[in-house]
Amino acid sequence: HRILTSGCAPSALEGIPLLRQLVTQAAGRIIILAGAGVTPDNAAYILQATGAQEIHASSKHTLPDGTIETDGILVEKLISQIKTEK
């Protein structure tokens, strides 16, 4: 039902041209889920520039003990930025 891709680039930001093309080709038949390097600073731009309706962001940080976990503050910032840009 969906394909998670960076547009064959190291990050979704760098893959915007191919992501835009994939979204156009998919024409709603399949969801193109833009991911890799998505942050609160670039999420809204990636959505706008590609026409994608969904993004994937890990929004993780490393704790002092080395444990990696999702950072709720980053998630909130990402959502806020997307809502602000719409």
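Residues numbered from 1 in each chain as written. Predicted model: local features only at pLDDT ≥ 70, side-chain atom pairs only at ≥ 80, totals over all residues. Heavy atoms only, no water.

**Q** Quick question: what am I supposed to make of the packing of helix α1 (residues 16–26) against helix α2 (residues 43–50) here?
**A** When two helices pack together, their arrangement is given by the angle between their axes and by how far apart the axes lie. At a closest axis distance of 8 Å, the pairing of α1 and α2 adopts a crossing angle of 50 degrees. The pairing of α1 with α2 is recorded here as oblique in orientation. Residue-level inspection shows Ile16, Leu19, Arg20 and Val23 of α1 in contact with α2, the latter providing Tyr45, Ala49 and Thr50. When the residues that make up the contact of α1 with α2 are grouped by side-chain class, the tally is five nonpolar, one polar and one charged. (Axes fitted to C-alpha atoms, helices over the stretch in contact; angles between N-to-C directions. Helix = DSSP H or I, 4+ residues; strand = E, 2+ residues; numbered from the N terminus. Parallel < 35°, antiparallel > 145°, perpendicular 65-115°, else oblique. Contact = heavy atoms within 4.5 Å. Nonpolar A, V, L, I, M, F, W, Y, C, P; charged D, E, K, R; others polar.)

**Q** Where do I start with the pairing of strand β1 (residues 2–5) in this structure?
**A** Each regular strand shows side chains that alternate between the opposite faces of the sheet. Two strands pair when backbone bridges link them, and β1 and strand β2 (residues 31–35) are joined in this way by four bridges, in the parallel orientation. Looking at β2, one finds that Leu4 is bridged to Leu33. For the segment spanning β1, α1 and β2, crossover handedness is right-handed. (Pairing = 2+ DSSP bridges. Right-handed = clockwise from strand over helix to strand, strands pointing away.)

Without other data, these values stay purely geometric and don't point to any function.
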